[in-house]
Protein chains: 2
Amino acid sequence: MTRKPPSASVTLEDVARVAGVSRATVSRVVNGRATVDPALRSVVEQAIAATAYVPNRAARSLVTGSTGSIALVVSEEGRQTAQRHPADETHPSFAGRIFTDPFFGRVVGGVMGEIRPRGVQMVLLLVDDEQSRRQLLNYLRQGHVDGVVLISTHAEDPLPEWLADARVPAVMSAQPVRPVPIGWVEVDQRGGVGLAVDHLVAGGRRRIATVTGPLDTPAARERLAGFRERLAGHGLAPAAEVEGDFTQAGGAVAMRRLLELAPKADAVFVASDLMALGALPVLHRSGRRVPADVAVVGFDDSSAALACDPPLTTVRQPVEEMSARMVRLLLDRLADPAAEPLSAWFSASLVVRDSA
Amino acid sequence: MTRKPPSASVTLEDVARVAGVSRATVSRVVNGRATVDPALRSVVEQAIAATAYVPNRAARSLVTGSTGSIALVVSEEGRQTAQRHPADETHPSFAGRIFTDPFFGRVVGGVMGEIRPRGVQMVLLLVDDEQSRRQLLNYLRQGHVDGVVLISTHAEDPLPEWLADARVPAVMSAQPVRPVPIGWVEVDQRGGVGLAVDHLVAGGRRRIATVTGPLDTPAARERLAGFRERLAGHGLAPAAEVEGDFTQAGGAVAMRRLLELAPKADAVFVASDLMALGALPVLHRSGRRVPADVAVVGFDDSSAALACDPPLTTVRQPVEEMSARMVRLLLDRLADPAAEPLSAWFSASLVVRDSA
DNA sequence: CTGAAAGCGCTAACAT
DNA sequence: ATGTTAGCGCTTTCAG
């Protein structure tokens, strides 16, 4: 049987022949096993260089059962954005939104920084509906990656459960709503918002309103709860609460509505920097000065905070550290699959700039 | 030899045993080959369902030599951004910039729309320096993906050549600077800018300036060339030319400089929507009204154009169609590796909104 | 310390 | 139309 090889690439066998040793020895050299005679090792290394050998990942995976790559899965609902855009007609994917929010840039950066030195690769997968979630699960089950870092925003997302059921090693970007045997990291959202409220109150503000995130997300709910809690602690009540959608355009819409509801507000906590970026021009346009007339505090400390005018005072989430930790939790899990899923808490801090 | 199986998953063999047929038959059913008796087929399908069988991708790849996934590689230089941000200290990756530019969202959307119905998966890879480029090449050589869609911005990027040398099937997002045996798509940048200039001139503008992109990128150079050409065609000279960096913050900086150089400019062509988004507040702040005092035209027609105030008149690149085409060119290439690399041209159009 | 040999799970001739 | 069988390229016992 002389079937044409799928790719005419150099194999371990070829290297072994050139080096005059066995496949096993070459394999040991390639994988850095200690038990190889230095002399032989260098012969093999030369042969590898001479033949431009590159190990075949599929073959290796087949026998080792692992792939050396992990998936970064961003899971959202495929809901409509506030504004229609020609681009949205062509493809219903939410890629556009993901790629507009600097928050995700920080996540990816944190993951990359952690995996790059280890030679692990990242596969980015976006899912936003039933079909894509099923496809994802199928993909994962086929063993294309060793595990997943899951960024999931919505409370109803079935993915955490599905992943657990499918025994796919995974770590989540937030504590799952229902108990699931999966690791996660979480930031103290309430505490962070508390810092913001304290700062506003200390600055003499009393009529404090908020633009929330989409309230079907735990993050938005936590931030709102923290806002109310701390305000109450100061003996104050919210001047207004308007729901936004974590987008820039949505922030503008929400702020317009907020000014109708609470024209005398002297401070606004906006639950994400990106929304604040959209909200600030609305304030300016209404004739209000920031921070003189209205103080604004954001949340995230993403690059959007610096794109704001004036630069935004904001609650900083240590996103890079959190995503780096997710990677480490995942890799630990992969190294010892029997271990219990571990989790980690982070605290937020206040970054004071010019807007409050 | 009773080695522990790497993953205790169901194999073709198991299904065959349950169904009482041979592995080959199960394989045929799984792969939808026609030559299977309907009765047997349904027996096999039940066995598959009963055992929750999922094909092992590594094994399949090993024998077929293909993986069913492609890489979307975004390659840039790891240069500093205009503004420093805490996030930048933690990781020098350019993930932040990528995830801040809605342009890339359109690219990803276009790719996804094309591959999803075919069941092909996308792996997103970001490279921004020598090391990451080498790692990338290694990854690709290991056969993890079947081919690559390459988004490369800089003229000096060695990746196109490297990919060609490594025989990695690839399609580029622009015509390579030096001739490389690789497929590409290209938009008529000059023609597009010409539309913008014509529109401004038709609107009575005569003192027209521009904020360019980073001039080490062919795209920025083409747009500038188109700008000069068409302006000359109208008997005009540029009121000013200031180099930007395709970021929002960079757009603001450039616009400030431009107003110093050409305070009397009555129109500005900004070479990307994202830069325009940064430039507009600078104009407002200087007391100029848009479009009454200064008309502004952008480039891309990304979601940033709608985030602008007023909504931005801009040159539309058919980014989704272009990236979809890249995918198709790549898949065609994979289907027939012997075929010549094909390419495609697209034309730009003017989307008139309120800023000019 | 090195080599021989047995598979990992799958596909695709080839034979029936 | 179905079964038999030979590998794909690699890692890893097990002998020596």
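Quick notes on the rules
Residues numbered from 1 in each chain as written. Chains lettered and ligands numbered in written order. Predicted model: local features only at pLDDT ≥ 70, side-chain atom pairs only at ≥ 80, totals over all residues. Heavy atoms only, no water. Helix = DSSP H or I, 4+ residues; strand = E, 2+ residues; numbered from the N terminus. Buried < 20%, exposed > 50% of the residue type's maximum accessible area, 1.4 Å probe, protein only. Contact = heavy atoms within 4.5 Å. Areas by Shrake-Rupley, 256 points an atom, 1.4 Å probe, with all protein chains shown as cover. Lys, Arg positive; Asp, Glu negative; His and termini not counted. Charge placed at Lys NZ, Arg CZ, Asp CG, Glu CD. Least-squares fit on C-alpha atoms with pLDDT ≥ 70 in both. Near = heavy atom within 4 Å. Polar contact = N/O pair within 3.5 Å; in protein donor to acceptor, adjacent residues only side chain to side chain. Nonpolar A, V, L, I, M, F, W, Y, C, P; charged D, E, K, R; others polar. Phe/Tyr/Trp six-rings, centres within 6.5 Å; stacked < 30°, edge-to-face > 60°. UniProt positions renumbered as here; feature names shortened; annotations may be inferred. Expected span 1.5 Å × (residues − 1). Buried area = accessible area lost by both parts, 1.4 Å probe. Salt bridge = Lys/Arg side-chain N within 4 Å of Asp/Glu carboxyl O. Pairing = 2+ DSSP bridges. Axes fitted to C-alpha atoms, helices over the stretch in contact; angles between N-to-C directions. Right-handed = clockwise from strand over helix to strand, strands pointing away.

1. With respect to the overall build of chain A
And step 1. Scanning chain A from N- to C-terminus turns up 15 helices and twelve strands.
And step 2. Here the C-alpha coordinates of chain A stretch approximately 85 × 40 × 35 Å along the principal axes.
And step 3. Out of the 356 residues belonging to chain A, those deemed buried represent 55%.
And step 4. Sequence-distant contacts, at least 24 apart, represent 72% of the contacts inside chain A between residues at least 6 apart.
And step 5. Accessible area for chain A stands at about 15100 Å²; split by element, carbon and sulfur atoms hold 53% of it.
And step 6. Side-chain charges of chain A comprise 39 positive and 40 negative groups, with the mean position of each set lying 3 Å from the other.

2. Comments concerning the relation of the copies chain B and chain A
And step 1. In the superposition of chain B on chain A (RMSD 0.1 Å, axial shift 0.0 Å), the rotation amounts to 180°. Both copies of the chain, as the preceding transformation shows, are related through a two-fold rotation axis.
And step 2. Same-surface contact between copies: 100% of interface residues of chain B are shared with the interface of chain A.

3. Quick notes on the protein's contact with DNA strand C
And step 1. In the vicinity of DNA strand C, 30 residues are found, and the nearest of them are Thr-25, Arg-28 and Asp-37 of chain A together with Leu-12 and Tyr-53 of chain B.
And step 2. In the environment of DNA strand C, a phosphate oxygen lies 2.6 Å from a nitrogen or oxygen atom belonging to the side chain of Thr-25 of chain A.
And step 3. Of all the secondary structure elements, the ones that give two or more residues to the surface near DNA strand C are α2 (23–30) and α4 (57–64) of chain A together with α2 (23–30) and α4 (57–64) of chain B.
And step 4. At five residues, the largest contribution of residues to the surface near DNA strand C is made by α4 of chain B.
And step 5. Considering only residue class, the surface near DNA strand C consists of 14 nonpolar, eight polar and eight charged.

4. Overview of the protein's contact with DNA strand D
And step 1. Around DNA strand D, the structure places 30 residues, and the nearest of them are Leu-12, Tyr-53 and Arg-60 of chain A together with Thr-25 and Asp-37 of chain B.
And step 2. Looking at DNA strand D alone, sugar and phosphate atoms form 61% of those within 4 Å of the protein.
And step 3. Here a phosphate oxygen of DNA strand D sits 3.1 Å away from a polar atom, N or O, in the side chain of Arg-33 of chain A.
And step 4. In this structure, Tyr-53 of chain A approaches DNA strand D through a side-chain N or O atom, which is 2.4 Å from a phosphate oxygen.
And step 5. Looking at the surface near DNA strand D, the element that brings in the most residues is α4 of chain A, giving five residues.

5. Some words on the packing of aromatic side chains
And step 1. Scanning the entire structure with this criterion turns up eight aromatic pairs over all chains.
And step 2. When the centroid spacing of 6.1 Å and the interplanar angle of 20° are considered together, the rings of Phe-227 of chain A and Phe-269 of chain A count as stacked. Of this pair, Phe-227 of chain A sits in helix α11 (residues 218–233) while Phe-269 of chain A sits in strand β8 (residues 267–270), and the two are 42 residues apart along the sequence. Each member of the pair, Phe-227 of chain A as well as Phe-269 of chain A, carries the same accessibility label: buried.
And step 3. With 6.1 Å between their ring centres and 90° between their planes, Trp-184 of chain B and Trp-345 of chain B make a pair best called edge-to-face.

6. Some remarks on the UniProt feature "domain: HTH lacI-type" (unreviewed entry) in chain A
And step 1. This chain's UniProt record puts "domain: HTH lacI-type" (unreviewed entry) on residues 10–64 of chain A.
And step 2. Split by type, residues 10–64 of chain A is 69% helix and 0% strand. Its first and last C-alpha atoms lie 20 Å apart.

7. A look at helix α10 (residues 189–202) of chain B
Residue and element names in this part refer to chain B.
And step 1. The terminal C-alpha atoms of α10 lie 20 Å apart, and with 14 residues this matches the ideal 20 Å at 1.5 Å per residue to within 8%.
And step 2. Listed in full, the buried residues belonging to α10 are Gln-189, Gly-192, Val-193, Gly-194, Ala-196, Val-197, Leu-200 and Val-201.
And step 3. In the segment just after α10, Gly-204 is the residue with positive phi, at about 90°.

8. Section: the interface of chain B and chain A
And step 1. Opposite the 65 residues of chain B that make contact, chain A presents 66 residues.
And step 2. Note on chain B versus chain A: buried area summed over both sides is about 5400 Å², and carbon and sulfur give 59% of it.
And step 3. Taken together, chain B and chain A are joined by four salt bridges.
And step 4. Taking the shortest distance from any N to any O, the salt bridge between Arg-285 of chain A and Asp-309 of chain B comes out at 2.7 Å.
And step 5. At the junction of chain B and chain A, the tally comes to four residue pairs in polar contact (both at pLDDT 80 or more).
And step 6. Residue assignment for the side of chain B that touches chain A shows that the elements contributing at least two residues are α4, α5 (86–90), α6 (95–98), α7 (102–115), β2 (121–127), α8 (130–141), α13 (273–285) and α14 (303–307) of chain B.
And step 7. Residues of the side of chain B that touches chain A, tallied by class, amount to 25 nonpolar, 25 polar and 15 charged.

9. Focus on the sheet that holds strand β12 (residues 349–351) of chain A
Residue and element names in this part refer to chain A.
And step 1. Taking strand neighbours across the sheet as the criterion, the six strands line up as β7-β6-β8-β9-β10-β12 in an open arrangement whose pairing is mixed. Each having just a single partner strand, β7 (240–243) and β12 make up the two edges of the open sheet. Taken over all neighbouring pairs, the strand axes of this sheet differ in orientation by 20° on average, direction set aside.
And step 2. Of the pairings in the sheet, the one linking strand β6 (residues 208–212) to β8 comprises four bridges and is parallel in character.

10. Re the pattern of salt bridges
And step 1. Overall, the coordinates contain 40 salt bridges over all chains when judged by the stated rule.
And step 2. For the salt bridge of Asp-128 of chain A with Arg-116 of chain B, the shortest nitrogen-to-oxygen distance reads 3.6 Å. Remark: Arg-116 of chain B occurs in the loop between α7 and β2 and Asp-128 of chain A occurs in the loop between β2 (121–127) and α8 (130–141); the pair is interchain, linking two chains. One exposure class covers both Asp-128 of chain A and Arg-116 of chain B, and it is buried.

11. Things to note about the pairing of strand β6 (residues 208–212) of chain B
All names here are of chain B.
And step 1. Buried residues dominate β6, accounting for five of its five residues.
And step 2. Residues of β6 alternate between two faces, with Ile-208, Thr-210 and Thr-212 on one and Ala-209 and Val-211 on the opposite face, all of them buried.
And step 3. In the classification by handedness, the crossover that spans β6, the intervening helix α11 (residues 218–233) and the parallel strand β7 (residues 240–243) is right-handed.

12. Regarding the sheet that holds strand β3 (residues 147–152) of chain A
Residue and element names in this part refer to chain A.
And step 1. Overall, parallel pairing links the six strands, which are arranged β2-β1-β3-β4-β5-β11 in an open sheet. Bordering the open sheet on either side are β2 and β11 (343–346), each of which pairs with just one other strand. Between one strand axis and the next, the sheet turns by 15° as a mean value, whatever way the strands run.
And step 2. Along the sheet face, α8 touches β1 (69–75), β2 and β3 and points at about 155° away from the line of β2.

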